[in-house]
Amino acid sequence: MQNVRLLLGRRSCVGLCYILTTVVHGRVSFFANDSAAAMAIREFQRLDQEGFTRSIAYVVMPDHIHWLIELRAGTLENVMKRFKSRTAQQVNRLLGRIGRFWQACYHDHAIRSDESLHRHAMYLMGNPIRAGLATQLGEYRHAWCEWELEGSCDLRDCIGTDE
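Residues numbered from 1 in each chain as written. Predicted model: local features only at pLDDT ≥ 70, side-chain atom pairs only at ≥ 80, totals over all residues. Heavy atoms only, no water.

Quick word on helix α4 (residues 114-125)
Next, step 1: Its twelve residues place the ends of α4 17 Å apart at the C-alpha level, agreeing with the 16 Å of an ideal helix rising 1.5 Å per residue.
Next, step 2: Listing the buried residues of α4 in full gives S116, L117, H120, A121, M122, Y123, L124 and M125.
Next, step 3: For α4, the N-terminal capping position is held by S113, with its side-chain oxygen 3.1 Å away from the main-chain nitrogen of S116. (Helix = DSSP H or I, 4+ residues; strand = E, 2+ residues; numbered from the N terminus. Expected span 1.5 Å × (residues − 1). Buried < 20%, exposed > 50% of the residue type's maximum accessible area, 1.4 Å probe, protein only. Polar contact = N/O pair within 3.5 Å; in protein donor to acceptor, adjacent residues only side chain to side chain.)

What follows is the structure, given as structure tokens:
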């Protein structure tokens, strides 16, 4: 069941950009498995191809994902239902398990300016560094950004403390 406070004020506006974050149930590190992480990445790409989203940046961490998108069609709720349902089925099948995969809710944050969009993308790309999974931008294999990473931001801004 979704947390009612997370639903308050949630609006989906086609053409706006959002950071979406969702967490694996129990914070289990299913995406430490490279094949499972690749499945999540393929779902980002599939939703782009289906015309629902335009991915700007994403990071598949061991127990959660961050996805920066432009919403192209539908609603955030519809996009996340598709993403979570498909990845849960695929990864559960891959790992030979059944049962709940994702936490029930997700977090969204609307991005209001192009400058902020780039800053947020670089912050997402710094997540693996903050988690000790990489030592530099672009090194983590389960992350992607539409912008060139080298020299794209002050490293202190990219790897600063979590929001």
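Some thoughts on helix α2 (residues 34-49)
Next, step 1: Here α2 is 16 residues long and its end C-alpha atoms lie 22 Å apart, about the 22 Å a rise of 1.5 Å per residue gives.
Next, step 2: By the burial criterion, the buried members of α2 are A36, A37, M39, A40, I41, E43, F44 and L47.
Next, step 3: For α2, the secondary structure elements touched by its buried residues are β2 (53-60), β3 (64-71) and α3 (76-95).
Next, step 4: Sitting at the head of α2, N33 places a side-chain oxygen 2.8 Å from the backbone nitrogen of S35.
Next, step 5: Just past α2, the residue G51 takes up positive phi, approximately 90°. (Contact = heavy atoms within 4.5 Å.)

Here's the deal with the nonpolar core
Next, step 1: In this structure, F31 and W67 are the most contacted members of the largest nonpolar core, which totals 29 residues.
Next, step 2: Those elements giving two or more residues to this core turn out to be β1 (17-23), α2, β2, β3 and α3.
Next, step 3: Among residues more than four places away in sequence, those in contact with F31 are V24, A36, A37, A40, V60, M61, P62, I65, V91, F101 and W102.
Next, step 4: Ranked by size, the runner-up nonpolar core spans 20 residues in total, among them C17, I56, A57 and L149. (Core = buried A, V, L, I, M, F, W, Y, C linked by side-chain atoms within 4.5 Å.)

Remarks on the environment of V24
Next, step 1: Residue placement: V24 occurs in the loop between β1 and α2.
Next, step 2: Taking C-alpha positions, V24 is 4.3 Å from W102, a pair spaced 78 residues apart along the chain.
Next, step 3: Leaving out residues up to four positions away in the same chain, V24 has contacts with F30, F31, D63, F101, W102 and Q103.

Considering the side chain of H64
Next, step 1: Topologically, H64 is positioned in strand β3.
Next, step 2: Among the residues examined, H64 registers a relative accessible area of 11% and is labelled buried.
Next, step 3: A polar contact is formed between the side chain of H64 and the side chain of D63, at a distance of 2.7 Å.
Next, step 4: Contact partners of H64, with chain neighbours within four places excluded, come to T22, V23, R27 and V59.

Notes on the sheet that holds β3
Next, step 1: The five strands are arranged β4-β1-β3-β2-β5 in an open sheet whose pairing can be described as antiparallel. Strands at the two margins of the open sheet, each flanked by one partner only, are β4 (107-111) and β5 (143-145). Pairs of neighbouring strands in the sheet enclose a mean axial angle of 25°, with direction left out of account.
Next, step 2: Summarising the sheet, β2 and β5 pair through three bridges and their orientation is antiparallel. When the bridges of β5 are listed, Y58 appears paired with W144.
Next, step 3: Most of the contacts of α2 go to β2, to which it runs at about 170°, and overall it touches β2 and β3. (Pairing = 2+ DSSP bridges. Axes fitted to C-alpha atoms, helices over the stretch in contact; angles between N-to-C directions.)

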